[in-house]
Structures are given as structure tokens and as C-alpha cells.
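# Residue-level structure breakdown
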Amino acid sequence: MWLNIRATMTSSHLSRGPLRVILFIFLTFYSICANAFYPCSKDRYLKPKSSFEVEIKNTGYAAQLAHINKGDDDSSLPESEPQSRFSQESGRVEILLKPGMSILSTDENNLSYFVNVTIGDEEYPLVIDSGSAYLWVYGDSCKSDSCSSKKLFATKNVNKANGDQTFSLTYSSGVASGDVYEDRIIVNKLATTQNFTFGVADQVPGLFMNYPVSGIFGLPSNNSQNIESIISILSDSHAISTEKFSMIIGPVNAADNSTSPDSNDNTALTKNSGVFVIGDLQDNLYSGEVSYTPLLQNDNHYWQMKIDSVYVGSQLVNFSIAENVTGSQSRNTRSGIVDSGTTLLILPTQDALDLHTFFPKSVSDGTNFAIFCNSTMDIFLELNGVKWSISPKDYLGEPYSSDSYYQGYCVSNIQGANIDKSWILGDVFLKNKYAVFDVEKQLFGLANVNENAILVPYSNGVSNTSGNNNINSTKTTLSSIASSTATSRKNSTSASTSTSSSKGSGSANENPKSFLIGCLALFLLAF
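Only a predicted model underlies this, so the values are computations on that prediction, with no experimental measurement involved. Along every chain, residues carry numbers that run from 1 in the direction the sequence is written. Only residues with pLDDT of at least 70 get local features here, since the model is predicted, and only at 80 or more are side-chain atom pairs given and counted; chain-wide, interface and lining totals rely on the full set of residues. Heavy atoms from the whole structure form the basis of all side-chain values; hydrogens and water molecules are not counted.

Here we come to the state of the cysteines. Disulfides are covalent bonds that link the sulfur atoms of two cysteine residues. Pairs of cysteine sulfur atoms within 2.5 Å are identified as disulfides in what follows. Counted according to the given criterion, the structure contains two disulfides. One disulfide in the model links Cys142 with Cys147; its S-S distance is 2.1 Å. Because the sign of the S-S torsion sets the handedness, a value of about 80° for the bond joining Cys142 and Cys147 places this disulfide among the right-handed ones. Like Cys142, the residue Cys147 is buried in the burial classification. Here Cys373 engages in a disulfide with Cys410; their sulfurs sit 2.0 Å apart. Where Cys373 bonds to Cys410 through sulfur, the torsion about that S-S bond is close to 110°, and the disulfide is right-handed. Taken together, the residues span a long stretch of sequence, with Cys373 in the loop between strand S27 (369-372) and strand S28 (379-383) and Cys410 in strand S31 (residues 409-412) at a distance of 37 residues. Among the cysteines of the protein chain that take part in disulfides, numbered as they appear in the sequence, the pairing is 1-2, 3-4. Exposure is judged per residue with a 1.4 Å probe applied to protein chains only, and the accessible area is read against the type maximum: over 50% gives exposed, under 20% gives buried, and values in between give partly exposed. Only DSSP runs of H or I covering at least 4 residues are called helices, and only runs of E covering at least 2 are called strands; the numbering of each starts at the N terminus.

Among the structural elements, Asn58 can be located in the loop between helix H2 (54-57) and helix H3 (59-69). Classification of Asn58 by relative accessible area gives buried; the value is 8%. Each C-alpha atom, one on Asn58 and one on Gln350, is 9.0 Å from the other, the two residues being 292 residues apart in sequence. Residues contacting Asn58, with those up to four places away along its chain left out, are Gln350, Leu353, Asp354 and Thr357. Any pair of residues with heavy atoms lying within 4.5 Å of one another is described as a contacting pair.

To continue, consider the pairing of strand S15 (residues 215-218). One requirement defines pairing of two strands: DSSP has to find at least two bridges between them. Pairing of strand S8 (residues 122-129) with S15 involves three bridges; the strand directions are parallel. For Val127, the partnering residue across the bridge sits in S15 and is Ile216. Taken together, the two bridges between strand S9 (residues 136-138) and S15 define a ladder with antiparallel strand orientation. In the strand pairing of S15, Val137 is matched with Gly215.

Before going further, it helps to examine the sheet that holds strand S5 (residues 101-103). The strand order across the open sheet built from six strands is S5-S17-S16-S34-S35-S18, with neighbouring strands paired in antiparallel fashion. Both edges of this open sheet fall to S5 and strand S18 (286-294), since each of them pairs with a single strand only. Shown here is a sheet whose adjacent strand axes are inclined to one another by a mean of 20°, direction ignored. The pairing of strand S16 (residues 244-249) with strand S17 (residues 274-278) spans five bridges and is classified as antiparallel. When the bridges of S17 are listed, Met247 appears paired with Phe276. Helix axes are fitted to C-alpha atoms over the stretch in contact, other axes to C-alpha atoms as well, and angles between N-to-C directions run from 0 to 180 degrees.

A residue's pLDDT is the confidence the predictor assigns to it, expressed on a 0 to 100 scale. With 72% of its residues at a pLDDT of at least 70, the protein chain reaches an overall mean of 78. Taken as a whole, residues 2-36 scores under 50 in pLDDT and shows 94 contacts with residues more than four places along the chain or in a different chain. Scored below 50 in pLDDT, residues 70-89 shows 39 contacts in the model against residues more than four places distant or in partner chains.

With that out of the way, let us pick up the pattern of salt bridges. Any carboxyl oxygen of Asp or Glu within 4 Å of a side-chain nitrogen of Lys or Arg constitutes a salt bridge here. Counting across every chain of the model gives seven salt bridges. A salt bridge links Lys361 to Glu53; its shortest N-O distance comes to 3.7 Å. Taken together, the residues Lys361 in the loop between helix H5 (349-356) and strand S26 (363-364) and Glu53 in strand S3 (residues 52-53) connect sequence positions 308 residues apart. A salt bridge links Arg92 to Glu94, with the shortest nitrogen-to-oxygen separation between them at 2.9 Å.

Read across the open sheet, the four strands follow the order S21-S20-S28-S29; overall the sheet is antiparallel. Looking at which strands have only one partner, the edges of the open sheet turn out to be strand S21 (315-316) and strand S29 (386-390). Two elements, S28 and S29, share five bridges in a ladder whose sense is antiparallel. Bridge pairing links Leu381 to Trp388 in S29.

Turning to the nonpolar core, a few remarks are in order. Judged by nonpolar contacts, the single largest core of 72 residues is most densely connected at Phe245, Phe276 and Phe429. Leaving out residues up to four positions away in the same chain, Phe245 has contacts with Leu219, Ile231, Phe276, Val277, Ile278, Trp303, Ala435, Val436, Phe437 and Val439. By convention a nonpolar core is built from buried Ala, Val, Leu, Ile, Met, Phe, Trp, Tyr and Cys residues, the set being connected through side-chain atoms within 4.5 Å. The next biggest cluster of nonpolar side chains, apart from the first, holds 20 residues, and it includes Val127, Tyr134, Phe167 and Tyr211.

Between the rings of Phe, Tyr and Trp (Trp by its six-membered ring), a pair exists once the centres lie within 6.5 Å; its type follows the angle of the planes, with under 30 degrees stacked, over 60 edge-to-face, and the other angles tilted. Inspection of every chain in the model, using the stated rule, returns 22 aromatic pairs. Ring centres 6.3 Å apart and planes at 90° place the aromatic pair Tyr138 and Phe208 in the edge-to-face group. Within this pair, whereas Tyr138 is found in strand S9, its partner Phe208 is found in the loop between strand S14 (196-203) and S15, the two being separated by 70 residues in sequence. Phe208 matches Tyr138 in its accessibility class, with the two residues each being buried. Each residue in the set Tyr134, Trp136, Tyr138, Phe167, Tyr171 and Phe208 is aromatic and connected to the rest through ring pairs, giving one cluster. The ring of Tyr124 has Lys151 sitting right over it, with the charged end atom 4.9 Å from the ring centre. Geometrically, a charge over a ring is one whose NZ (Lys) or CZ (Arg) sits within 6 Å of the ring centre while staying within 35 degrees of the ring normal.

Here it is, written out as C-alpha cells:
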């Protein structure tokens, strides 16, 4: 979730020694660029007689477009088929929902996607957010309306991070803030062997009120002195062999597990809203090859990359404003930030106007747009030479009612905003693709979803599917985790979004809760 916000951390334990004093001063005034929860809302509906016709407002660009449509050969889409048109392999392929994989859930309006994460002894639904760098949860001392009727994190038996650290994240509707704690994390049945530092909010902004989540599961692209990815910590814990994660946003075919003996199957697989994979790729979830794009170096931990060009239908989009993405000015090239926590495709205002000019009679109020519901043109984004489509079913939102001033129009899922030059590639772009996030090699990849893939429940470590499931290695990992939890939480050095990323081993067990984590890890072995 990409809105620019400021996250400040403070720590009193850094005051010992001159070097720590300097570091303390730095951390106190340093702001980490994080990202806000940014689902779409009903505010995107245009008010009667409040809009303008995009083609008229964008007259100069529309005239240029009219010239292109008369036969400028340089603007046409190359004859080669885009990768999104690959045919699917024939035959059903069963995929065991093994450790390392979990299904995604969503709210009733499909605006946010979340995964269940165990922190300590309890499970919490957290928004899966590749646009944020920080993991934080609602705390049991939170009195904000957004915390009402939500699963809250109990801090009674959990250690605070070294020193009196706090966090504060500013969102569009307020601030999420609280203290910083550390504990073991289990996600996709993979556990950390060392404590992970995260925020526990006693204040949560109203933006979160209508979503059935308990916080944000941030997934940064890289590590720094102040940010370390949970993916890297799982790698350090030997829970995974490679620092990658991947996902499919949107339902995946699944077998009926309503009678499954596995007590962990709390949600019917057939009701899944996608899949989240940590570690090695699940090859049978996609068809064809994964096409990778190198990330653009940035200090904000974004999954940011170059967009070679953009097409609407067969027409190349030449934007009004030239941008310098990789060293030269271009009216075709853009940069984009892949953000699974944002619902929409969000563009700088002029880029959004230019793009919507390709849709006849589209209307806008300057930020929100409406397109005729019978639009049939695909939008293509070219990444490292491969074109990926956004179909009308994804860029067209809800239709206006039959008695509306905008009858016949649909809300556009492409929005203009006063943002930096980078596009925000939210779920509108990610839907129905297999997206790969490679922390280790700093790559973002895409492949086509294998439509013949069928998710089947994982029970007692027995699989009827072929392929490399790494079940034995996963069991070994969980066994080692169970045996290592006698390590003290209190004294073990943790990965933190607010302190140095150095690591160390703990001392003897001083917290009986470590034993509970060991039991939990052993319990998982049975499933």
C-alpha cells in the first residue's frame, strides 16, 4: 500500500556510548518511507454534472492521438503475441497446499487481500502488502473504532524490543502508532528461529475500520540498517532455501476440503481469493516461463521497475510528459511500484488523463474516471520486452445505476493522483498472474496462471501429487525450530525495522512462552 507516509522510531537503549548516542539521534529524526493502506472506496463515484469529458479537457493530446489513429505505423503493437496469451497446458494438475503455501482471503468487496500469520501463540489476519516495509498489528490497548470487533494482539507476556522503541505511521485518515515488540513469527507454517521486531498499535486510523484485518504484513524488496524483511529472517532460520515469495491475486481452482480431517483448514479451499507462496516457486501454479524484470535501485524498499511502454489496444501511448527513468527522457517509458496492498492502478494525474483519452467519451473529475462499460480494449504494460495485459474485467469497476447521470458508464479502476512519477501497480495489475518477488536477486517476475492447477488440502504430510514439494525438508526445518525454541526471546538479537539488522544468539531460556512455541511447531508437524 503505497501512499507516502512517515514512520519514525525511537530507542532509549542506544544512549550508551558515544557511537550509540549518534545513532540514537539519527534514528530519532530519520523517517522511513513506508506505505499506506490504500483500498478503493465509493468516493471514486463521480457526482452528477461534476465531471468533464477527458478528450475535451485533454484537447492537445487528443489531437495527437487522432493523428496517430490515421496511420502512424510506429504506434502499433508488434505482431508477436503478448505473454498473457499463452495457451494453457492440458490436464488437471493437483497442487498440495503444503508448508510454504497458504491461501489468501479477501473482504466482501475484494478490496484487500490478507494472509493468516501466527505471532507468538495466536493467529492474525494481516494484509499482504508488497508496497510496505513494516509489519504491525492492532494491540489489545487500542481503543480506536478500527480496532473494534477485531483480533487484537495481547502484549502481557511478550517482551518489548530493546529500549523504549515506538513507531508512528501516518495514513490518509490518521496515524497508526504504538510500541515495538519482538516475538516468533509463523507464516505459511514456516517459523522464525529468532525474534522478529514489529509494531503493536494502540491507535489505528479510521481507514481500516471496514476491513476484517488486524494489521499489515509488510514485504520490502530489500534490507537495510533499519528494515529487514521477514523473508530474509525465514531464510536465516533455514525455513526456506531462497529469499523469494510469490502470489496469485484472485481465486485459484481448488478441491472441496469441507470434510478434510486437517484442523488447520479453517477456510474452505474453494473460497480462496488467491495463493501466497514463500520460498521456492510452486512450478505447477503457472504455465510457460517466468519473465523477470530487474528492480530499480531505491532507498524506500519498493518493488520498483521500469515499464518499457504502454499500449491501449494496438496503440502505443505517447504520454504528454517525458520522464527520465533510466538516464534518458522518454514519453513512452514509465516506472512502476508493484503494490499488492493497493487495489487500483494509480497514475500521476496527467498520465491518467492521457491513458483515458484512448477510451471514447470517458469522463473524469480530475482524479476519478468513468469508462463505458462495453469497453473491449486491453491495456498492455511492457516489462523487459514482454507485454502483460490488463483486461476490461479488471480495469472496469462497478457500473453506475440505470437511473444515474452516468448510466452506461463503469467506474474506472485506474485513478489519477498527485504522486511522484512512478505508477502504483496494485491488484488491478496483479490479478490473475503468477507474481514472483525475488529479494535475493532483486528481480520481479510474472508468469501466466496455470488454469489447470487444482489446490488440494495438505494432511498428515501425504501427497498424491507429483513434483518437488520439499515436504521432508520442511519437516526437518520445523523439527529444528521446535528444538531451538529454548533460546531466550528476551536476549536474542532480532531483525528490526527500527534498529540495526545485526544478529546474534540468545542465552538460556528465561521465558516459558518459548516452550509453547516449541509445542506449536511440533503440533504443525502432524499436518
